[in-house]
Amino acid sequence: MNPDTPFPLSCSELARHAIGLSDPNPRVGCVIADTHGQTLGTGHTQQAGGPHAEVVALRAAQAAGFEVRGATAYVTLEPCSHHGRTPPCCDALIAAGIARVVVALADPNPLVGGQGMARLRAAGIAVELLPTDHPAAVAARELNIGFLSRMVRGTPWVRLKVAGSLDGRTALPNGVSQWITSPEARTDGHAWRKRAGALLTGTGTVLEDDPRLDVRLVPTDRQPVRVVVDSRLDIAPTARILQAPGSVWVYTAADPAATATQRAALQALGATVIDCPSTTGKVDLAAMLRDLARREFNELHVEAGHKLNGSFLREGLVDELLLYLAPQLLGDGAGLAALGPFHALDQAPRFEFVDVERIGPDLRLRARPPGRAHF
């Protein structure tokens with residue numbers, strides 16, 4: 001198609017409204033416009049089981065008294081073609097008499113995979129797919145990188161968040177860490193928590209810091225599931241992470257018979273205990289990620305201690321680093337991750353910066369392994 005084809009910026013902005021709402025469904029925005037470019041209806045994906053962006057936009061146009069027959073629908077992701085929790089969106093567009101559909105990004109879901117655009121074309125609708133480097137396509141990909149990861153790789157997108165000092169310290173030698181970074185950085189961190197379907201930490205962090213690990217500094221329609229990696233099932237029933245709001249899943253490698261009492265206590269509090277042992281007696285992190293994908297989690301947000309951070313990094317399971325650096329030096333203390341010692345520079349994990357931004361007095365850096373998002 002013509003790379004200069006206009007695509008309304010509002011469509012991508014609409015899709016962002018689905019953050020913290022639509023999971024496990026992708027975040028999609030839709031704008032319906034007439035031949036003169038007048039907007040007739042807009043919408044974004046609602047909660048799972050609710051209407052998708054295209055249906056919301058069609059209903060908005062109808063409620064406003066607009067006729068959409070012959071109009072163009074701009075949508076950030078290929079309209080679905082299968083019966084899931086809702087009927088196919090392509091059928092709704094066909095029934096409404098839409099004449100043209102401009103799609104920012106093809107849907108890699110095997111249940112769609114081009115069939116949505118094919119069905120639209122078969123119904124006589126002109127369909128255009130934006131080039132992959134079009135700004136709207138890039139935005140749609142970034143917004144749905146977790147969904148794409150789950151569909152293509154069978155694992156969620158793993159984002160590891162760390163807050164520390166300029167010299168990479170996350171706590172003083174005595175364990176004090178609150179607060180190295182600013183309130184602005186903490187609020188921004190909660191916005192990234194909101195993006196995720198699940199928030200993960202380790203039992204060490206639970207025992208030492210007793211975190212809630214929920215979203216509370218920004219508004220959200222949905223609390224992510226909280227996941228604890230607890231190889232020996234050491235978590236105490238009094239831990240704050242086990243309290244409302246939200247569900248808690250504990251992945252463990254502990255012997256079921258030997259930990260029956262602990263399991264019963266956790267389950268009585270509503271926690272789900274999942275056995276996922278490795279051959280070393282630890283939780284098999286790679287297997288855990290595959291299990292989380294099967295349970296329809298798109299993005300996994302990790303906030304753990306340096307030991308578990310090191311395990312994720314050593315196993316090559318981190319897709320993105322989210323680093324908040326405060327403008328101070330702490331000297332001795334806990335580091336970002338337990339790695340090494342390395343004897344050559346090429347042994348150390350390498351990353352590429354994808355974004356650097358000032359957040360209050362701190363810096364937020366996002367980095368990914370080279371080529372990691374090319375799927």
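Our structure is the block above this text.
The shown structure was predicted, so the numbers you read here are calculated from the model rather than taken from an experiment.

(A) Geometry of the pattern of salt bridges. Applying the stated criterion to the full structure yields 25 salt bridges. For the salt bridge of E303 with K161, the shortest nitrogen-to-oxygen distance reads 3.9 Å. Here the residue E303 occupies a position in the loop between β12 (299–302) and α11 (306–314), and K161 occupies one in strand β6 (residues 157–165), the gap between them amounting to 142 residues. Residue D210 pairs with R240 through a salt bridge whose shortest N-O separation is 4.0 Å. Of this pair, D210 sits in the loop between α8 (203–209) and β9 (225–229) while R240 sits in the loop between β9 and β10 (248–252), and the two are 30 residues apart along the sequence. Taking relative accessible area as the criterion, D210 reaches 27% and is therefore assigned partly exposed. Ionic contacts of the salt-bridge type, sharing partners, join the residues D23, R27, E142, R159, R195, E299, E320, R366 and R368 into one network.

(B) Geometry of the packing of aromatic side chains. Using the criterion set out here, one finds 2 aromatic pairs in the structure. It is R295 that lies over the ring of W249; its NZ or CZ is 5.0 Å from the centre.

(C) The arrangement of unusual backbone geometry in detail. In the segment running from D23 into P24, the intervening peptide bond is cis, with an omega of 5 degrees. Along the chain, P24 falls in the loop between α1 (9–16) and β1 (29–33). The omega torsion of the bond from A244 to P245 falls at 5 degrees, within 30 degrees of zero and hence cis. The backbone of D210 sits at a positive phi, close to 50 degrees, despite the residue not being glycine.

(D) Quick look at the packing of helix α2 (residues 53–63) against helix α3 (residues 89–96). As a packed pair, α2 and α3 sit with axes 8 Å apart at the nearest point and diverge in direction by 30 degrees. In terms of orientation, α2 lies roughly parallel with respect to α3. Read as a crossing pair, α2 and α3 show a hand that is left-handed. Here E54, V55 and L58 of α2 lie close against α3, whose contacting residues are C89, A92, L93 and A96. Of the residues in the contact of α2 with α3, the class split is 6 nonpolar, no polar and 1 charged.

(E) How the structure looks around helix α10 (residues 285–294). Counting buried positions along α10 yields 7 of 10 residues, so the element is predominantly enclosed. Every buried residue of α10 is listed here: L285, A287, M288, L289, D291, L292 and A293. The N-terminus of α10 is capped by D284, whose side-chain oxygen sits 3.3 Å from the backbone nitrogen of A286. Once α10 finishes, E296 follows within two positions and takes phi at roughly 70 degrees, a positive value.

(F) Spatial organisation of the pairing of strand β3 (residues 72–75). A two-sided burial pattern is seen for β3, the buried positions comprising T72 and Y74 on one face and A73 and V75 on the other. Two strands pair when backbone bridges link them, and β1 and β3 are joined in this way by 4 bridges, in the antiparallel orientation. Considered in β3, the bridge of V31 is made with Y74. Of the pairings in the sheet, the one linking β3 to strand β4 (residues 100–103) comprises 4 bridges and is parallel in character. Along β4, the bridge assignment pairs Y74 with V102.

(G) Quick peek at the pairing of β10. Burial within β10 is extensive, with 5 of its 5 residues counted as buried. Going residue by residue along β10, you find V248, V250 and T252 tucked away on one face and W249 and Y251 tucked away on the opposite face as well. Two elements, β9 and β10, share 4 bridges in a ladder whose sense is parallel. Its bridge partner being in β10, V227 is matched across the sheet by W249. Where the polypeptide runs from β10 across helix α9 (residues 260–268) and back to strand β11 (residues 272–275), its parallel neighbour, the crossover connection is right-handed.

(H) Structural context of the sheet that holds β11. Pairing is mixed in the open sheet, where 9 strands are placed in the order β11-β10-β9-β8-β12-β6-β13-β16-β15. One side of each edge strand has no neighbouring strand; the edge strands of this open sheet are β11 and β15 (352–359). Looking at each pair of strands side by side, their axes are set apart by 20 degrees on average, direction ignored. Strands β6, β12 and β16 (362–368) of the sheet are contacted by helix α6 (residues 145–153), whose axis makes an angle of about 135 degrees with β6.

(I) Broad picture of the sheet that holds β4. Pairing within the open sheet is mixed, and its 5 strands lie in the order β2-β1-β3-β4-β5. If you trace the sheet from one side to the other, it starts and ends with β2 (39–44) and β5 (126–129), each paired once. Mean inter-strand twist for the sheet, computed between neighbouring axes without regard to direction, equals 15 degrees. Strand contacts of α1: β1, β2 and β3, with the helix running at about 145 degrees to β1, the strand carrying the most contacts. Its contacts with the sheet put α2 on β1, β2 and β3, and the angle it makes with β2 is roughly 145 degrees.

(J) Geometry of the state of the cysteines. By the definition in use, this model includes 0 disulfides. C11 takes part in no disulfide bond, and the closest cysteine sulfur to it belongs to C30, at a distance of 6.0 Å. Unpaired in terms of disulfides, C90 finds its nearest cysteine sulfur in C80, a separation of 6.6 Å.

Conventions used here
- Residues numbered from 1 in each chain as written.
- Predicted model: local features only at pLDDT ≥ 70, side-chain atom pairs only at ≥ 80, totals over all residues.
- Heavy atoms only, no water.
- Salt bridge = Lys/Arg side-chain N within 4 Å of Asp/Glu carboxyl O.
- Helix = DSSP H or I, 4+ residues; strand = E, 2+ residues; numbered from the N terminus.
- Buried < 20%, exposed > 50% of the residue type's maximum accessible area, 1.4 Å probe, protein only.
- Phe/Tyr/Trp six-rings, centres within 6.5 Å; stacked < 30°, edge-to-face > 60°.
- Lys NZ or Arg CZ within 6 Å of the ring centre and 35° of its normal.
- Axes fitted to C-alpha atoms, helices over the stretch in contact; angles between N-to-C directions.
- Parallel < 35°, antiparallel > 145°, perpendicular 65-115°, else oblique.
- Left-handed = near helix turned anticlockwise from the far one by under 90°.
- Contact = heavy atoms within 4.5 Å.
- Nonpolar A, V, L, I, M, F, W, Y, C, P; charged D, E, K, R; others polar.
- Polar contact = N/O pair within 3.5 Å; in protein donor to acceptor, adjacent residues only side chain to side chain.
- Pairing = 2+ DSSP bridges.
- Right-handed = clockwise from strand over helix to strand, strands pointing away.
- Disulfide = S-S within 2.5 Å.

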